[in-house]
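Structure assessment
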Amino acid sequence: MTLLQITEPGQAVDPHQRKRAAGIDLGTTNSLIATVRGNETRTLPDMAGRHLLPSVVRYLGDGKVAVGDEAADAARQDPLNTIVSIKRMMGRGLDDVQNLGDQTAYHFAASDGGMPLIQTVAGDVSPVQVSSEILKSLVHRAEETLGGELEGVVTTVPAYLDDAQRQATRDAARLAGVNVYRLLNEPTAAAVAYGLDSGAEGVIAVYDLGGGTFDISLLRLNKGVFEVLSTGGDSALGGDDFDARIANWIIERSGFAGQIDHGQYRSLMYEARRLKEQLTNEASVAVNVELGALRFEGELTRDDFEQLIKDLVANSIKACRRAVRDAGVTTGDINNVIMVGGSTRVPLVKQEVGKFFGAEPLADIDPDRVVAIGAAIQANILAGNKPDDEMLLLDVLPLSVGLETMGGLTEKIIHRNTPIPVSRAQEFTTYKDGQSAMLVHVVQGERELVSDCRSLARFELRGIPPMVAGAARIGVVFQVDADGLLSVSATELTTGVAASIEVKPSYGLSESEITNMLKSSFEHAEEDAQARSLAEARVDGARVIDALRAALKQDGERLLSADEIRDLETAISALSAVLDGQDAGAIRDATQALADASDEFAARRMDDSVRSALAGHSIEEFDEEQQ
Amino acid sequence: MDFKQNYFEIFQLPVAFDVDLTTLGDRYRKAQGSVHPDKFAGASERDKRLSVQWATRINEAYGTLKSPLSRAVYLLTLSGVDMSAKANAPVDPGFLMEQMELREDLDAIEEGDDALERLDVFKRRVDEILAGLEQEFASTWQNDLDAAEQSVLKMQFITKLRDAAEHLEEKLLDY
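Residues numbered from 1 in each chain as written. Chains lettered and ligands numbered in written order. Predicted model: local features only at pLDDT ≥ 70, side-chain atom pairs only at ≥ 80, totals over all residues. Heavy atoms only, no water.

A word on the pattern of salt bridges. Under the defined criterion, the tally for this structure stands at 52 salt bridges over all chains. Between Glu170 of chain B and Arg322 of chain A there is a salt bridge, with its nearest N and O atoms 3.6 Å apart. One end of the pair, Glu170 of chain B, is in helix H7 (residues 145–172); the other, Arg322 of chain A, is in helix H8 (residues 302–327), on a second chain. Using a relative accessible area of 19% as the deciding quantity, one classes Glu170 of chain B as buried. By relative accessible area, Arg322 of chain A is classed as partly exposed at 25%. A salt bridge links Lys48 of chain B to Glu45 of chain B, with the shortest nitrogen-to-oxygen separation between them at 3.9 Å. (Salt bridge = Lys/Arg side-chain N within 4 Å of Asp/Glu carboxyl O. Helix = DSSP H or I, 4+ residues; strand = E, 2+ residues; numbered from the N terminus. Buried < 20%, exposed > 50% of the residue type's maximum accessible area, 1.4 Å probe, protein only.)

And the structure:
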């Protein structure tokens, strides 16, 4: 369908042209990278054979950065410079992260935009920077293993993530210098990993409890199409909370409440995690903690532990009930329940999920790896390595998007669980005579009060011509793309005054901040950059010509008049004439001219492809009726 | 993009109130399969933009045709009747009386232990009324636009009532 898809249907891709693509699961506790090789999809181990990369980053005094096990090993003695569970701070404001409870182990500073910065020996670092270090480490691992640069990756995010958190994840990937094909929701990735394996059909529930986030998604799988019916969860609930409950239990019993320092609390959290993991297979564990003055000996039974976390698990089940309702199905309609995330190993979780759905949950694929595997399958398809594959993922907006109206109330513009991409227009008017500006405040969430929702962005529409109150007509258009990212534009409809913004999260990085960070991380000399610019212009130009020739061959005579074909041939010749020259600017201009000249043709091809996709369908149905 | 096509034409369905939801769903997935942005991951910016526009339009068309109320409103739009301008149009007083009684019944459900069961009975009653109104619309929209308009206004009232019942259920279940 696309002008760039040069491979004819049914024809295998030349193995030498296979593009290197990978799926990345950027987790709260651990991260992974996976790739498709031959017919197998696998997570990639490091030199020491370890697949899981602890999502831990340590900043050292000499400017070096350690990531993974090496950093995790130092977490206890160097807690202030060793950052764990950074995912919980992505896209959050300073106030949010200070209320996270278990993040007391850092010294924070605020950036100009209110984004939290963590003070380390290497200077202040943002959550986006910390995450990009983890991404770089994974990408490096994949490039070593695959023997070359990655063409692109699919990065997963919790489904129940708001726009600010998604933007922050995109920014981290940009900072790491990787091309992201798509942000994929973790439960959808897990369903892909299972779906393609078992050829299952019907409604699937994915229960995903990781270190720091909880997601529940319901999907319908139908002939390779994964249609998300509903999604829900809690972006601040995970195994870390289980650990914190155990740690606090120890602190209370030891009588040392209020006297614990950063390093000790961190050590306690590690101990708590170890105890939790032991309780998966044992009914009771001995607790023996000695941290400076803090000494505690005792016993923690599985029963005790289950009492400690009961309300957290119950909250997750409540979210499941809501997701089932939102999907318009009943638990009886659900064919399979998939368990994702390390925290689903906790017996109480398994038991309660099984009880609610009335089905034994599936955990055939390692719950720690299943998301990365699904992402790799999607990345391989998006890279164009399987042009015939029918797989399609249709996702939804996880949280409603709306505007602030008078009195601090929200007016929902796009409701949660609406299939994406989606666009909605809404009209507003002025409430004062001669009002010349209007403030637009975009929020995300389900609550009625603006103060209970997440603030995404504020922007001002200026230059509204003076009119009596209620006469101006301001049209606001919300567009959510297939990654779940939002952009908003506003226009005064009687005069055409426009204000447009890409929704930049209230706590995100500005475009110039990212550019500066990227610049400082590149050491390329000026002439290097020029040579690269020319090479890129040539490749782009050649690509556009190839794509258009292929499209003309396939559909030219059917969709274009002889005159139109001749005009396109002329534009192709014009670009060919400058392509081998040294002037990158001229090549770019001619490429743009050719692209513009073929706009109409591209639009007709797209219209035609929808028509023919459905036309084939009608004939099949007709045949069935005849039989 | 071909904006001349109406939503029924996009899915190659006859313009009618009765729509087979299985067929609609199948065609929706087929159509997305040919335009969805995932099919254009390596394409030019222009093709990506076209793909997002089409995928958005197909979602919009599917969303509109899937629910009976929005489908009815859309059919009236195609016939030149703009329902958004009729928010305050007069409705049959007998129906309004019935409405108020239903509202009172719903408010009364909140008290008492068997609230959920009584809410279930109430929802079934509302669904029956809604089904009747849909019948009414189906038999009038092609020959009596005024009557069809009345049916839609009533459907809007009843759908709001249905939402309020759902809202109460969420509250009772403590979501």
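Before going further, it helps to examine the side chain of Ser267 of chain A. All names here are of chain A. Mapped onto the elements of the fold, Ser267 is located in helix H7 (residues 262–278). Judged by relative accessible area, which is 10%, Ser267 ranks as buried. With residues up to four places along the chain from it excluded, the contact list for Ser267 reads Arg76 and Leu291. (Contact = heavy atoms within 4.5 Å.)

Right, let's get into the packing of helix H6 (residues 239–254) of chain A against H8 of chain A. Residue and element names in this part refer to chain A. Taken N-terminus to C-terminus, the directions of H6 and H8 make an angle of 140°; their axes are 10 Å apart at the nearest point. As the angle between them shows, H6 and H8 are arranged oblique. Every pair of crossing elements has a handedness; the one defined by H6 and H8 is right-handed. Contacts from Asp241, Phe242, Arg245, Ile246 and Trp249 in H6 reach Phe305, Leu308, Ile309, Asp311, Leu312 and Val313 in H8. (Axes fitted to C-alpha atoms, helices over the stretch in contact; angles between N-to-C directions. Parallel < 35°, antiparallel > 145°, perpendicular 65-115°, else oblique. Left-handed = near helix turned anticlockwise from the far one by under 90°.)

Residues and elements named next belong to chain A. Spanning 20 residues, helix H3 (residues 127–146) covers 29 Å between terminal C-alpha atoms, matching the ideal 28 Å at 1.5 Å per step. Restricting attention to buried positions, one finds in H3 the residues Pro127, Val128, Val130, Ser131, Ser132, Glu133, Ile134, Leu135, Leu138, Val139, Arg141 and Ala142. At the C-terminal side of H3, Gly147 shows a positive phi close to 75°. (Expected span 1.5 Å × (residues − 1).)

Once that is clear, we can look at the confidence of the model for chain A. All names here are of chain A. In this model, chain A carries an average pLDDT of 84, and 88% of its residues clear a pLDDT of 70 or more. Here residues 521–525 is modelled with pLDDT under 50, and outside its nearest four sequence neighbours on either side it reaches one contact, counting other chains as well. Ignoring residues within four places in sequence, the model shows residues 618–627, a span with pLDDT below 50, making five contacts including any to other chains. (pLDDT = per-residue confidence, 0-100.)

Another aspect to go through is the nonpolar core. Within the largest apolar cluster, 56 residues are counted, with the highest numbers of intra-cluster contacts made by Phe11, Ile58, Leu106, Phe122 and Phe137 of chain B. Sorting elements by how many residues they give to this core places H7 of chain B first, with eight residues. Excluding residues within four positions of it along the chain, Phe137 of chain B makes contact with Phe17, Ala72, Leu75, Leu76, Ala148, Ser151 and Val152 of chain B. In this structure, Leu229, Trp249, Val313 and Val349 of chain A belong to the second largest nonpolar core, which totals 50 residues. (Core = buried A, V, L, I, M, F, W, Y, C linked by side-chain atoms within 4.5 Å.)

A few words now on the packing of helix H2 (residues 21–35) of chain B against helix H3 (residues 45–66) of chain B. Residues and elements named next belong to chain B. Relative to each other, H2 and H3 sit at 175°, their axes nearing to 9 Å. Considering their axes alone, H2 and H3 lie roughly antiparallel with respect to each other. Seen from H2, the contacting residues are Leu21, Leu24, Gly25, Tyr28, Ala31, Gln32 and Val35; seen from H3, they are Ser51, Trp54, Ala55, Ile58, Asn59, Tyr62, Leu65 and Lys66. Looking at the contact of H2 with H3 residue by residue, the class counts come to ten nonpolar, four polar and one charged. (Nonpolar A, V, L, I, M, F, W, Y, C, P; charged D, E, K, R; others polar.)

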